[in-house]
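# A closer look at the structure
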Amino acid sequence: MSELLQQIINGVSMGSIYALIALGYTMVYGILRFINFAHGDVFMIGAFVGFFVAPLMVPLVGGSGLAAAVIIMLVSMAACALLGVTIEKLAYRPLRSRPKLTVLITAIGVSLFLEYGGQLVFGPDPKPFPALIPSTMIVNSSFLVLSSNSLVVIGTALGLMLLLRYIVFHTRMGTAMRAVSFDHRAASLMGINIDSVISFTFALGSALAAAAAILYGSIYPSINPLMGLFPGLKAFVAAVLGGIGNLYVAVIGGLIIGLLETLVTGYISPIYRDAISFAVLILILLFRPSGILGRHEAEKV
Amino acid sequence: MMLEIDNLQVSYGAVRAVKGITLAVDQGQIVTLIGANGAGKSSTLRAISGITKASGGHIRFDGRDITALPAHAIVALGISQAPEGRMIFANLTARENLAMGAYLRRDAAEIDKDIDYVFAMFPKLKERIDQPGGKLSGGEQQMLAIARALLARPRLLLLDEPSLGIAPILVRTIFEKIVEINRELGTTILLVEQNARMALSVAQYAYVLETGTVRLHGPAAEIAVNDDIRRAYLGEH
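Residues numbered from 1 in each chain as written. Chains lettered and ligands numbered in written order. Predicted model: local features only at pLDDT ≥ 70, side-chain atom pairs only at ≥ 80, totals over all residues.

### Brief notes about the overall build of chain B
For clarity, the threshold we go by: Secondary structure elements are taken from DSSP: a helix is a run of H or I of four residues or more, a strand is a run of E of two residues or more, and numbering for both begins at the N terminus. The globule rule used for comparison is 2.2 Å times the number of residues to the exponent 0.38, while the radius of gyration itself is calculated over C-alpha atoms. Exposure in this text rests on C-beta crowding, where 20 or more other C-beta atoms within 10 Å of a residue's own make it buried, 12 or fewer make it exposed, and counts in between make it partly exposed. The C-beta atoms are placed from the backbone. Two residues qualify as a contact pair if the distance between their C-beta atoms, derived from the backbone, is within 7 Å.
The number of helices and strands found in chain B is ten helices and ten strands. Since a compact globule built from 237 residues should have a radius of gyration of about 18 Å, the 17 Å found for chain B is in line with a globular shape. Principal axes of the C-alpha set define a box for chain B whose edges measure 45 × 40 × 35 Å. Every one of the 237 residues in chain B was classed for burial, and the buried ones make up 46%. The long-range share in chain B, meaning contacts at least 24 apart out of those at least 6 apart in sequence, stands at 66%.

The structure is reproduced here in structure tokens:
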């Protein structure tokens, strides 16, 4: 029983990281109807920004502690927001009117560019990610081990999700995002600059990926230029699991994948940890291509 | 002239929908474009709003060439449209749809005033205001589309087939409101309609389009009594 509870806590904290990444996939899909396969690599860049910014915190705020962690996360989020906007502007925007497959292949190209460019610039060896969140044990008994880490991860992710929800459902820009996701032409008839809304969406999604990377680094404190691949793919599975395009179901999808993965690791074998997500993807694509909770969407003409 | 269109051409691939239309709209008027399906009426409105690009010719608003401007910049100049098929955001509430109509405005107090104005004009909208746009009936969506276009406070309002697919009793109401908007707010209106009789009864000037060209134009009262037009578009023999 206690082991199960333990696994659930771990699963939820991993799942909330997947959920943050999945939100980026789902928002971009909602607006452009394409999968940004470079999203996982933006996540990786977020981790490296954190890695390089962390030492600068020593003279600034005295090394570790809450202030340092918050600044590192914000810098990483800002840098990735800029990166996301740049990728869209340089790689995807010129192909806006081309077939979706063209943009999809370009996204894979951008992904490879970031992964191997990252190896060239950062080196291929894993680097230790600094401990930003002091990992004190809140509960440490034979019954349950609860570290501050998992609470901080879950709390931060939850806070960011609520912030995102506020932006999307209660601000002018968020309403414009939803309008654009429904119909680009109708939105432009309102005076909405579609390009600005798309840029904003990429900025938002990429910033969430960066936040996810900083949280991820606090659970797996080893980073490398290919680290975005698996979390990226799993978050993608999370996004399609619920039916891509809907923010709430992306979060639920992330939590399901996180829990499933942790439970499989704990009760079956760590060998199947990665396989389970992809087995889920194959099953979903075979039997419910519009997602467990999704409705079938007619192809837009 | 507020709006001048000079030799406008619009093509969809190999199909030439508009083959050189020249027309003008004077400030304060209601001008109508009538004609059969496929005459190029909607394509002309879409080109004015910039959601379809002209393949030739010029569109000038207040003397300024707007032919190549992006759609959002054209709204900023004071042209808004209630498009064909209404294009209501089904995923947004009626209130959010109205807010999107006022997207470029920052004068919150004046926007509230304008929302009260459209509520007075279409009381039905007030009852449905928190419903998703997709749940509204065809007639309610049409009212919402007109109200949303009005919230941009346009100087030129483009209306594309406001009578399409709505109950005949409502068609009359909507045309009354079109006249009201023109008189009370002084908004210039360019109205595209297949219901030629209704359109000619509210407009001052009319253009009759046929297969992408202007076949005839003149004061609406004269067009309404033209024998050819009566036979072709008003169903009289």
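Now, onward.
### Observations concerning the overall build of chain A
Helix and strand counts for chain A stand at twelve helices and four strands. On C-alpha atoms alone, chain A measures out to a radius of gyration of 19 Å, which is about the 19 Å that the 2.2 N^0.38 rule sets for 301 residues. By principal-axis analysis of the C-alpha atoms, chain A measures approximately 60 × 50 × 40 Å. Sorting the 301 residues of chain A into buried and exposed places 49% on the buried side. Taking the intrachain contacts of chain A between residues at least 6 apart in sequence as the baseline, contacts between residues at least 24 apart amount to 74%.

### Quick notes on the sheet that holds strand E6 (residues 79–82) of chain B
Strands pair in a sheet through their backbones, by hydrogen bonds, and they do so in one of two ways: parallel or antiparallel. All names here are of chain B. This is how it is decided: Pairing between two strands requires that DSSP report at least two bridges joining them. To get an axis, a line is fitted to the C-alpha atoms, and for a helix only the part in contact is used. The angle between two axes follows their N-to-C directions and goes from 0 to 180 degrees.
Reading across the sheet, the six strands line up as E6-E7-E8-E3-E9-E10 and stay open at both edges, with mixed pairing between neighbours. This sheet does not close on itself; its edge strands, each paired only once, are E6 and strand E10 (213–219). Between one strand axis and the next, the sheet turns through 15° on average, direction left out of account. Where strand E3 (residues 30–34) and strand E9 (residues 205–210) come together, four bridges link them in parallel fashion. Counterpart to Leu33 in the pairing with E9 is Tyr207. Seen against the sheet, helix H1 (residues 41–49) touches E3, E6, strand E7 (156–160), strand E8 (188–193) and E9 and runs at an angle of roughly 145° to E7. Against the sheet, helix H6 (residues 138–150) contacts E6 and E7, and its axis sits at roughly 175° relative to E6.

### Observations concerning the interface of chain B and chain A
What counts, and what does not: Asp, Glu, Lys and Arg are counted as charged, while Ala, Val, Leu, Ile, Met, Phe, Trp, Tyr, Cys and Pro are counted as nonpolar; the rest, among them Gly, fall into the polar class.
Each partner contributes to the interface: chain B provides 20 residues, whereas chain A provides 14 residues. In terms of residue class, the side of chain B that touches chain A is built from 14 nonpolar, five polar and one charged.

### Thoughts on helix H6 (residues 148–170) of chain A
Residues and elements named next belong to chain A. In plain terms, the rule: One less than the residue count of a helix, multiplied by 1.5 Å, gives the span that helix is expected to have.
Over its 23 residues, H6 extends 32 Å from the first C-alpha to the last, a length consistent with the 33 Å expected when each residue adds 1.5 Å. Regarding H6, the residues found buried are Asn149, Ser150, Val153, Thr156, Ala157, Leu160, Met161, Leu164 and Val168. For H6, the elements touching its buried residues are helix H1 (2–32), strand E3 (145–147), helix H7 (172–182), helix H9 (194–219) and helix H11 (247–267).

### Some thoughts on the confidence of the model for chain B
What counts is decided by this rule: One confidence number per residue, pLDDT, is output by the predictor and ranges from 0 to 100.
Averaged over every residue, the pLDDT of chain B is 95; the share at 70 or more is 99%. With pTM at 0.93, the complex prediction returns an ipTM value of 0.95.

### Quick notes on the pairing of strand E1 (residues 3–12) of chain B
Residues and elements named next belong to chain B. Where E1 and strand E4 (residues 56–61) come together, five bridges link them in antiparallel fashion. If you follow Ile5 over to E4, its bridge partner there is Ile59. Two strands pair when backbone bridges link them, and E1 and strand E2 (residues 15–25) are joined in this way by eight bridges, in the antiparallel orientation. If you follow Glu4 over to E2, its bridge partner there is Ala24.

### Thoughts on the packing of helix H2 (residues 39–53) of chain A against helix H10 (residues 229–242) of chain A
All names here are of chain A. What counts here: Between 65 and 115 degrees an angle is taken as roughly perpendicular, under 35 as roughly parallel, over 145 as roughly antiparallel, and anywhere else as oblique. Definitions for this section: a left-handed crossing has its near helix turned counterclockwise from the far helix by less than a right angle. A right-handed crossing has that turn clockwise.
The N-to-C vectors of H2 and H10 enclose an angle of 135°; their axes lie 8 Å apart at closest approach. With respect to H10, the axis of H2 lies oblique. As for the relative orientation of H2 and H10, their crossing is right-handed in sense. On the side of H2, the interface is formed by His39, Gly40, Asp41 and Phe43, while H10 contributes Leu229, Pro231, Gly232 and Leu233. Residue classes in the contact of H2 with H10 are distributed as four nonpolar, three polar and one charged.

### Some remarks on the environment of His184 of chain A
All names here are of chain A. With respect to the element layout, His184 can be found in helix H8 (residues 184–189). Given 19 C-beta atoms within a 10 Å radius, His184 is considered partly exposed. Note: C-alpha distance between His184 and Ile31 (153 residues apart in sequence) is 8.4 Å.

### Some thoughts on the sheet that holds E2 of chain B
Within the open sheet, the four strands sit side by side as E2-E1-E4-E5 (chain B). Their pairing is antiparallel. Only two strands of the sheet have a single partner each, and these edge strands are E2 and strand E5 (64–65) of chain B.

### Thoughts on the packing of H2 of chain A against helix H5 (residues 100–122) of chain A
Between two packed helices, what matters for the description is the angle formed by their axes and the separation of those axes. Residue and element names in this part refer to chain A. In contact at an axis separation of 9 Å, H2 and H5 are set at 25° when each is read in the N-to-C sense. Our classification of the angle between H2 and H5 gives roughly parallel. Of the residues in H5, those in contact with Asp41, Met44, Ile45 and Phe48 of H2 are Ser111, Leu114, Glu115, Gly118 and Phe122. A per-class count over the contact of H2 with H5 returns five nonpolar, two polar and two charged.

### Details of the pairing of E7 of chain B
Residue and element names in this part refer to chain B. Counting buried positions over the five residues of E7 gives five, a clear majority of the element. The side-chain alternation of E7 yields two buried faces, one formed by Leu156, Leu158 and Asp160 and the other by Leu157 and Leu159. Both E6 and E7 contribute to a ladder of four bridges, which runs parallel. Paired with Gln81 across the strands is Leu158, a residue of E7. Pairing geometry for E7 and E8, over five bridges, is parallel.

### Examining the nonpolar core
Definition in use: Put simply, a nonpolar core is a cluster of buried Ala, Val, Leu, Ile, Met, Phe, Trp, Tyr and Cys residues tied together by C-beta atoms within 7 Å.
Counting 171 residues, the largest nonpolar core has Leu20, Cys80, Ala211 and Ala212 of chain A as its most contacted members. Once residues within four sequence positions are removed from consideration, Ala211 of chain A is found in contact with Leu20, Met73, Met77 and Leu160 of chain A.

### As for the environment of Ser188 of chain A
Along the chain, the position of Ser188 of chain A falls in helix H8. Judged by C-beta crowding, with 24 C-beta atoms within 10 Å, Ser188 of chain A ranks as buried. Residues Ser188 of chain A and Ser13 of chain A, 175 residues apart in the sequence, show an inter-C-alpha distance of 40 Å. In contact with Ser188 of chain A, not counting residues within four places along its chain, are Ile194 of chain A together with Ile51, Ala71 and His72 of chain B.

### Description of the confidence of the model for chain A
Confidence in the prediction of chain A, expressed as mean pLDDT, is 90, and 92% of residues score 70 or more. In this model, residues 297–301 of chain A is a region of pLDDT below 50 whose contacts with residues beyond four sequence positions or in other chains number one contact.

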